[in-house]
Amino acid sequence: MFSACVLEMAEVSQPPVSSVVPGDEGKDKFKKSDHLAFYRRQIQGPSSEHRALLDTLVLTEKGACFELEGPVTQARLLLTVSPCRNESVRILIDELQPSRARYRVPDVITEEPRCEPLRLEGRTEDSVRLSWSSGRYECRVWHFPFRVEILCEDEVMVTLNSKRKLWFEALQEPPRVPPHSSELEENHPGSLWKETFRQFVDFKANGPSGVGLDLCLHGFSHLYGLPEHADRLQLRDTRDGEPYRLYNLDVFAYDLQSCLGLYGSVPLLVAHKPDRTLGVFWLNASETFVNVQYSPRDQQDDRTPPVKRRRVQQQQADVHWLSESGVIDCRVLLGPGPLQLFSQYSGLTGHPALPPLFSLGYHQCRWNYNDDADVRAVDAGFDSHNIPYDVIWLDIEHTDGKRYFTWDPLLFPEPTGLQRHLDTKHRKLVVISDPHIKVDPDWSLYCEARDGGHFVKDREGQIYRGSCWPGESSYLDFSSPATRAWYSRCFALDKYKGSTPALFVWNDMNEPSVFDGPEQTMPKDAVHHGGWEHRELHNLYGFYQHMATVQGLITRSGGTERPFVLSRSFFAGSQRLGAVWTGDNVASWEYLKISIPMLLSLSISGIVFCGADVGGFVQDPEPELLVRWYQAASLQPFFRGHSAKETKRREPWLFGEEVTAAIRTAIQQRYCLLPYWYTLFHQAHTSGLPVIRPLWVEFREEQSTFTLDNQYMIGGALLACPVTDAGVKEIQVFLPGSAEMWYDVQSAKAYRGGRTLSLPVTLDTVPVFQRGGSVVCRSAGCGSCTADLQQLPLSITVALNAQGFADGELYLDDGRSFCYRDRKAFCLRRFHMLSGRLLCRSASEEGRFDCGAVVQSVTVMGLKSKPSTAAVCVSGSKENSAAFHPEGTCDSVTVRDLDLPVSADWEVKIS
């Protein structure tokens, strides 16, 4: 498979992984669930004794309201059940008369869906029945023990509080503690107001404020979502281990097969079975744990209502959410299918942004490219080795002493000249901008932020200071709209000296990372805008920086150009801002493998523009691993090579011609497929569909796909199964759907679905199969960057299904501006083939974009017999014969030299 010199390079042993963080104390700095008092109280506490006071029912335009009565020591709660017209149900629980407001997550929900009118269907001493949507859906609220059931056509789908784990700690006044009491006994009431972990003490201004709720998902045995974790796609049963943790942290070289929280959090859980897909969205930005248990369904008891059941459901999944603070704001998304679920979720939290075309190309990054000459040399290296790329990146060393929005005057004396040099080749520069600001009274930006009140405060009201790359730093309070506006203005061309419109941004370290903080992050008792403690909104911090940066780039262009911003930290809603990546991974086969389920988990949770550092951020990949990683990443949404400064240089041409050729091919094939990728991002932008998808999304009834996470669909047309093992000569690929046809993209060989294929592989093999019934558009060449693609003709590949049918779409616009939105300057075309006729027609009455693109060739796979003629007819013109060429076997043919305008109606006939 490899030449001798390449194998010799691969035999170099790896040193132990050492952290890039100064004085890093390793994994012991991170908490487990039993370190958290709010988790212990809920897990060890008694079962809920809450009762729904059914006579307090009030029907409003926002749903049904009930009062809940807990134990004598607990305040009354207010339950609101709100069915929505997007096929979702909101469950909101707050204190009925709180002593002060509790934190409710702002800015994540883009628009509350309209509520469905509720009808009272029945009432007994034990329960109240409410219906909506012409009686198809029902909600049943039970008096004691309190629980809520959601039914579809008389079948219970979800039960809330089925295990009686509702927990809601009412806000209290601080206890009176004698001034001399430096230490509190654990059972003293005051101990609930502070918590110690290692040398860190967390003082809780509002006392204990935990919330929790369990849900039973009836009939489900496969759950997904809850990123970000370095784990398999299907959520594991947590009863014998740690729960899934949602708490954004800077975790270097994170453990694999772990439920530990990483850089971002999306509290969306997806449940799937053959006849239904459900979602549970827990809108809470404080530290959250999720316990998952799969089990046979419990036997009915006398309190179970007489509900018509069409069949016995043997499985159920119990999910227990536990958060440190906030309110219970739980949305149940009713599907019924995966596509409807994605639409419901994106309708709530926003559709993914349509990225500029250049950002879908290849990105070259390193911590750090040394200086201006180094950047120019790397840029020239791509050209001399005929490898396309679009963006080169600069890490923290490009700045003047780790002061963001500056340039090192010796290393980058003419940054605008460097950007103009790249721009002449239609390439871009990305620079890093972290949320920490170096404490430097002689630096104008620091003084401006300090004097403007833009920094997070400590619990004493002073500006909070922590350690990060510049040393002592203060942290911008992005939760403040005024701070976000100020930060956005920092990206103005006249403010950010040395910047040009070809400069884009990378937000790193924004969990936030604080080297000397608890768990290497900000203390929970730090104080934000509005007086809110950091504990309330920790998981929103990076989301807000991402938002402010995106707004800055949009403002810089006067609202005309699409931004590109990569963020390491994220939350629900980050999909409408830009891209994320999986952080500080390691150059090993195990990290290559885990990147696939990690990205699939992100994708089904709305974060569709995602990727992993090619080759691993730390350590040096062996040549075979590097090739396989490029091949895998070229089939993933965000495609960037990145490495730490301690690693050896790894530009694609440094490993010998065999490796260079394989990497070149992978990148070139990515560029050829960009018309298809761009169309998928348009679909995500308009409908919320993930760009890459687990197989079960497309084959929802095929249970053999429910646990597969080493292969996946790119859109609905391509199945990818990257090679992720060393030295293999054969891999197993599952081709789903017994009625499906699949075509090997490299050989055009056809295979029936419903089977596992043993596929021989070499170093050059990238296993991709096109699904019968699909049409995929590619560029006929790759050029040197994405700008070249817009000048190149297109090739169309038609893969017929068993009925001789295929269809697909192509989306085109200028690739950079908002004209597609503001002026409807786009072109959306549909290709449809049946009975030997391929039709090109408009798929949108709105779009008006004369793109000038032409189709050069059409390849059809899966013909029943060898064709004898081919003809082409453009609307308004007469039919002309066309030359065609068999492709190896009689069932494939290519019609070439067509020159057909994409924006025109035309047809190609093959008979």
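Parameters at a glance
- Here the residue numbers are simple positions, counted from 1 along each chain's written sequence.
- Selection of residues for local features in this predicted model requires a pLDDT of at least 70, selection of side-chain atom pairs for listing and counting requires 80 or more, and totals for whole chains, interfaces and linings are taken over all residues.
- Computation of side-chain values covers all heavy atoms of the structure but excludes hydrogens and water.
- Note on scores: pLDDT gives the predictor's confidence for each residue, bounded by 0 and 100.
- Contact criterion: two residues are considered in contact whenever any of their non-hydrogen atoms come within 4.5 Å of each other.
- Where helices and strands are cited, they refer to DSSP runs of H or I of at least four residues and of E of at least two residues respectively, numbered from the N terminus.
- In this scheme, a residue with accessible area under 20% of its type's maximum is buried, one over 50% is exposed, and one in between is partly exposed, where area comes from a 1.4 Å probe on protein chains only.
- In summary, the charge assignment counts Lys and Arg as positive and Asp and Glu as negative, without counting His or the chain termini.
- Throughout this description, the term salt bridge denotes a Lys or Arg side-chain nitrogen within 4 Å of a carboxyl oxygen of Asp or Glu.
- Nitrogen and oxygen atoms within 3.5 Å of one another constitute a polar contact, given that in protein one can donate a hydrogen and the other can accept it, and given that sequence-neighbouring residues count only through two side-chain atoms.
- Each pair of strands is called paired provided DSSP finds at least two bridges between the two strands.
- Only the stretch in contact is used when fitting a helix axis, every axis being a line fitted to C-alpha atoms; angles between N-to-C directions are given from 0 to 180 degrees.
- Angle categories are assigned with fixed cut-offs, so that under 35 degrees is roughly parallel, over 145 is roughly antiparallel, 65 to 115 is roughly perpendicular, and the rest are oblique.
- As a working rule, the residues Ala, Val, Leu, Ile, Met, Phe, Trp, Tyr, Cys and Pro are called nonpolar, Asp, Glu, Lys and Arg charged, and the rest polar, with Gly in that last group.

### So, the confidence of the model for the protein
One rule of thumb: low pLDDT means the predicted coordinates there are not for detailed reading.
Point 1. When the pLDDT values of the protein are averaged, the result is 93; 94% of them are 70 or greater.
Point 2. Across residues 1-12, confidence stays below pLDDT 50; counting only partners more than four residues off in sequence or on other chains, it has 23 contacts.

### A short note on the side chain of Asp-408
Point 1. On the secondary structure map, Asp-408 appears in the loop between β22 (391-394) and α5 (415-423).
Point 2. One buried charged residue, Asp-408, remains without a salt bridge, the closest side chain of opposite sign being Lys-402 at 8.2 Å.
Point 3. Looking at Asp-408, its side chain comes within polar contact range of the main-chain nitrogen of Leu-410, at 2.8 Å.
Point 4. For Asp-408, the side chain forms a polar contact with the main-chain nitrogen of Leu-411, separated by 2.9 Å.
Point 5. Apart from residues lying up to four places away in sequence, Asp-408 is in contact with Glu-397, His-398, Thr-399, Asp-400 and Pro-413.

### Comments concerning helix α6 (residues 444-451)
Point 1. Taken as a whole, α6 has its buried residues at Leu-445, Tyr-446, Cys-447 and Ala-449.
Point 2. Those residues of α6 that are buried lie in contact with β24 (436-438), β25 (465-468), β26 (471-475) and α7 (481-489).
Point 3. Within two residues after α6, Gly-453 carries a phi angle of roughly 70°, on the positive side.

### Some details on the environment of Pro-296
Point 1. Residue placement: Pro-296 occurs in strand β18 (residues 288-296).
Point 2. Residues Pro-296 and Phe-220, spaced 76 residues apart in sequence, show a C-alpha to C-alpha distance of 9.9 Å.

### So, the sheet that holds strand β34 (residues 718-720)
Point 1. Pairing is antiparallel across the open sheet formed by six strands, whose spatial order is β32-β33-β34-β39-β36-β37. Strand pairing shows two members of the sheet lacking a second neighbour, β32 (692-693) and β37 (750-752), which therefore form its edges.
Point 2. Of the pairings in the sheet, the one linking strand β36 (residues 741-744) to β37 comprises three bridges and is antiparallel in character. Bridge pairing links Trp-742 to Tyr-751 in β37.

### A look at the pattern of salt bridges
Point 1. Enumeration over the complete set of coordinates arrives at 62 salt bridges.
Point 2. With its nearest N and O atoms 2.7 Å apart, the salt bridge here joins Glu-67 to Arg-76.
Point 3. Across the salt bridge formed by Asp-725 and Lys-593, the nearest N and O atoms sit 2.3 Å from each other. Placement of the pair is Asp-725 in the loop between β34 and β35 (730-735) and Lys-593 in helix α10 (residues 589-604), with a sequence separation of 132 residues.
Point 4. Judged by relative accessible area, Asp-725 falls into the partly exposed class, the value being 35%.
Point 5. For Lys-593, a relative accessible area of 32% corresponds to the partly exposed category.

### Here we look at the packing of helix α12 (residues 657-672) against helix α13 (residues 674-687)
Point 1. It is at 5 Å that the axes of α12 and α13 come closest, and there the two elements cross at 55°. Classified by the angle between their axes, α12 and α13 sit oblique to one another. Seen from α12, the contacting residues are Arg-670, Tyr-671 and Cys-672; seen from α13, they are Leu-674, Pro-675 and Trp-677.
Point 2. A class-by-class count of the residues in the contact of α12 with α13 yields five nonpolar, no polar and one charged.

### Thoughts on unusual backbone geometry
Point 1. A cis amide bond links Phe-144 to the next residue, Pro-145, at an omega of -10°.
Point 2. Mapped onto the elements of the fold, Pro-145 is located in the loop between β7 (137-142) and β8 (147-152).
Point 3. Between Pro-227 and the following residue, Glu-228, the backbone shows a cis peptide bond with an omega angle of 20°.
Point 4. With a phi angle near 50°, Gln-257 is a residue other than glycine that sits in the positive phi range.
Point 5. With respect to the helices, strands and loops of the structure, Gln-257 is situated in the loop between β15 (244-246) and β16 (268-273).
Point 6. Looking at Gln-257, the relative accessible area reads 48%, which means it is partly exposed.
Point 7. One non-glycine residue, Asp-899, adopts positive backbone phi at about 60°.
Point 8. Here Asp-899 shows up in the loop between β49 (889-895) and β50 (900-901).
Point 9. Taking the relative accessible area as the measure of exposure, Asp-899 reaches 56% and is therefore exposed.

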